[in-house]
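# Tertiary structure, described
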Amino acid sequence: MKTSNPVLSRLGQAAERERTAGYGAYGPAGAAPGYGQPYPGASDYPAAPPAVQPMTVDDVVVKTVTLLGITGVSAVVAWNVIPEALTGAAWIGAAVIGLVLGLVISFMRMANPALIVGYAVVEGVFVGMASKVFSVIAGYQGVVLQAVIATFGVFFLTAFLYKAKVIRATPKFQRGMIIVMGGLFAVMLINIVLSLFGFNTGLRDNGPLGYIFSIVCIVVAALSFILSFNEVEEGVRAGLPARYSWVAAFGILVSLVWLYLEILRLLSFLQGGDD
């Protein structure tokens, strides 16, 4: 197997040695796709039994659809069950819990279906509350449906561009995306901290700076799918076990939620005009 990811390359070689010795492929599918986290060394994991099936693209598709369904159902339930007075608290609580779970899954490379499904449920509450705030409380009518359509439109367009090799996940592209996403995360974190102390940077306001920042986030979120698609392909070529399709699906879900929220915010700006 040839890959630009040296750790994946070692994983593929180790998997091949295991198959030659009569064992199934093993090893993790890496951190959350779209976040550029490297795959841990194969020596960190015990050899899998011969019955282990390798991951396929179909596995990732099925798991991704499953997680999206869970997130969607959770969002609808949260929207209808949680009182409007508790929307803000539920939104913040789900955001914190989701962040913690996401970091655990990403950095510990945990291919734990129960944990990842739990993350999808929490993200559903987070998305449901965010959507309710924009649509019901803030009064941006129709913005949720528009954001959903736009999100999946961008996702499928990005998938087409990747499949057509218009955009390639070259080593330079991967390094650049990791730096940019890390920078955006740092900026957003600093912005949140400053807002807690009463400082308004304007990054999340309906103004020129807010427009530019939202568009940048949307573009980066869309391009993060390229990293996810590439990691899925390399994981399949490495012969990683099917259980790590959950990790790949988790990464795609993270990017979809991020993209949806950024599009939702931008559409609210456009609908709100200069008010």
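Since the model is a prediction, treat every value here as computed from it, not as a measurement.

### Considering the overall build of the chain
- For the chain, the count of helices and strands is eight helices and zero strands.
- For the chain, the N- to C-terminal ordering of α and β elements is α-α-α-α-α-α-α-α.
- Sequence-distant contacts, at least 24 apart, represent 82% of the contacts inside the chain between residues at least 6 apart.
- For the chain, the exposed surface amounts to about 13300 Å²; the carbon and sulfur share of it is 71%.

### Regarding the pattern of salt bridges
- Under the counting rule described, the total for this entry stands at two salt bridges.
- The salt bridge involving Glu262 is made with Arg204; its shortest N-O contact spans 2.8 Å. In this pair, Glu262 sits in helix H8 (residues 245-272) while Arg204 sits in the loop between helix H6 (171-196) and helix H7 (208-238), placing the two residues 58 residues apart along the sequence.
- Assessed through its relative accessible area of 4%, Glu262 is described here as buried.
- On the basis of relative accessibility, which here comes to 21%, the residue Arg204 falls in the partly exposed class.
- Of the charged contacts in the structure, one is a salt bridge between Glu233 and Arg237, with a shortest N-O distance of 4.0 Å. Here the residue Glu233 and the residue Arg237 both occupy positions in helix H7, the gap between them amounting to four residues, near one helical turn.
- Under the relative-accessibility criterion, Glu233 is labelled partly exposed at 32%.

### Topic: the UniProt feature "transmembrane region" (unreviewed entry) in the chain
- In the numbering used here, UniProt assigns the "transmembrane region" (unreviewed entry) feature to residues 60-82, 88-107, 114-137, 143-164, 176-199, 211-232 and 244-261.
- Between the C-alpha atoms that bound residues 88-107 the distance is 28 Å, and the span itself is 100% helix and 0% strand.
- Between the C-alpha atoms that bound residues 114-137 there is a distance of 33 Å. The span itself is 100% helix and 0% strand.

### Side note on the nonpolar core
- If you look at the biggest cluster of nonpolar residues, it comprises 56 residues, and the most contacted ones within it are Leu67, Ile116, Tyr119, Phe225, Trp258, Tyr260 and Leu264.
- Contributing elements (two or more residues each) for this core: helix H2 (57-81), helix H3 (87-108), helix H4 (113-137), helix H5 (143-163), H6, H7 and H8.
- Sort the elements by how many residues they give to this core and H8 lands first, with 19 residues.
- In this view, Phe225 contacts Phe155, Thr158, Ile252, Ser255, Leu256 and Leu259; residues no more than four positions away in its chain are not counted.

### Let's talk about the packing of H7 against H8
- Running from N to C, H7 and H8 cross one another at 160 degrees; their axes reach a closest spacing of 9 Å. The angle between H7 and H8 falls in the class roughly antiparallel. In the crossing of H7 with H8, the sense of the turn from one axis to the other is left-handed.
- Classifying every residue of the contact of H7 with H8 by side-chain character gives 18 nonpolar, six polar and two charged.

### Quick word on H4
- If you check H4, its first and last C-alpha atoms are 35 Å apart, about what 25 residues at 1.5 Å a residue would give, namely 36 Å.
- Positive phi shows up at Gly139, right after H4, with a value of about 80 degrees.

### Section: the layout of surface pockets
- Volume-wise, the largest pocket comes out at about 1700 Å³.
- Along the walls of the largest pocket sit 45 residues, with Leu99, Phe126, Phe185, Met188 and Ile192 positioned nearest its centre.
- Along the lines of polarity and charge, the residues of the lining of the largest pocket split into 28 nonpolar, 12 polar and five charged.

### A short note on the packing of H5 against H7
- Two elements in contact, H5 and H7, have axes separated by 9 Å at closest approach and are oriented at 50 degrees. The orientation of H5 relative to H7 falls into the category oblique. Where H5 crosses over H7, the handedness of that crossing is right-handed. Where H5 approaches H7, its residues Val154, Phe155, Thr158, Ala159 and Tyr162 are matched on the opposing element by Ala222, Phe225, Ile226, Phe229, Asn230 and Glu233.
- Tallied by class, the residues present in the contact of H5 with H7 amount to eight nonpolar, two polar and one charged.

### Some words on the environment of Ser106
- Along the polypeptide, Ser106 turns up in helix H3.
- Here the alpha-carbon distance between Ser106 and Val247, two residues 141 residues apart in the chain, equals 8.4 Å.
- Among the polar contacts listed, one links the side chain of Ser106 to the backbone oxygen of Gly102, at a separation of 2.7 Å.

Criteria and cut-off values
- Residues numbered from 1 in each chain as written.
- Predicted model: local features only at pLDDT ≥ 70, side-chain atom pairs only at ≥ 80, totals over all residues.
- Heavy atoms only, no water.
- Helix = DSSP H or I, 4+ residues; strand = E, 2+ residues; numbered from the N terminus.
- Contact = heavy atoms within 4.5 Å.
- Areas by Shrake-Rupley, 256 points an atom, 1.4 Å probe, with all protein chains shown as cover.
- Salt bridge = Lys/Arg side-chain N within 4 Å of Asp/Glu carboxyl O.
- Buried < 20%, exposed > 50% of the residue type's maximum accessible area, 1.4 Å probe, protein only.
- UniProt positions renumbered as here; feature names shortened; annotations may be inferred.
- Core = buried A, V, L, I, M, F, W, Y, C linked by side-chain atoms within 4.5 Å.
- Axes fitted to C-alpha atoms, helices over the stretch in contact; angles between N-to-C directions.
- Parallel < 35°, antiparallel > 145°, perpendicular 65-115°, else oblique.
- Left-handed = near helix turned anticlockwise from the far one by under 90°.
- Nonpolar A, V, L, I, M, F, W, Y, C, P; charged D, E, K, R; others polar.
- Expected span 1.5 Å × (residues − 1).
- 1 Å grid on protein atoms, 1.4 Å probe; cavity = no way out; pocket = protein on both sides within 12 Å on 5 of 7 lines; lining within 4 Å.
- Points joined across faces, edges and corners; volume = space filled by probe spheres on them.
- Polar contact = N/O pair within 3.5 Å; in protein donor to acceptor, adjacent residues only side chain to side chain.

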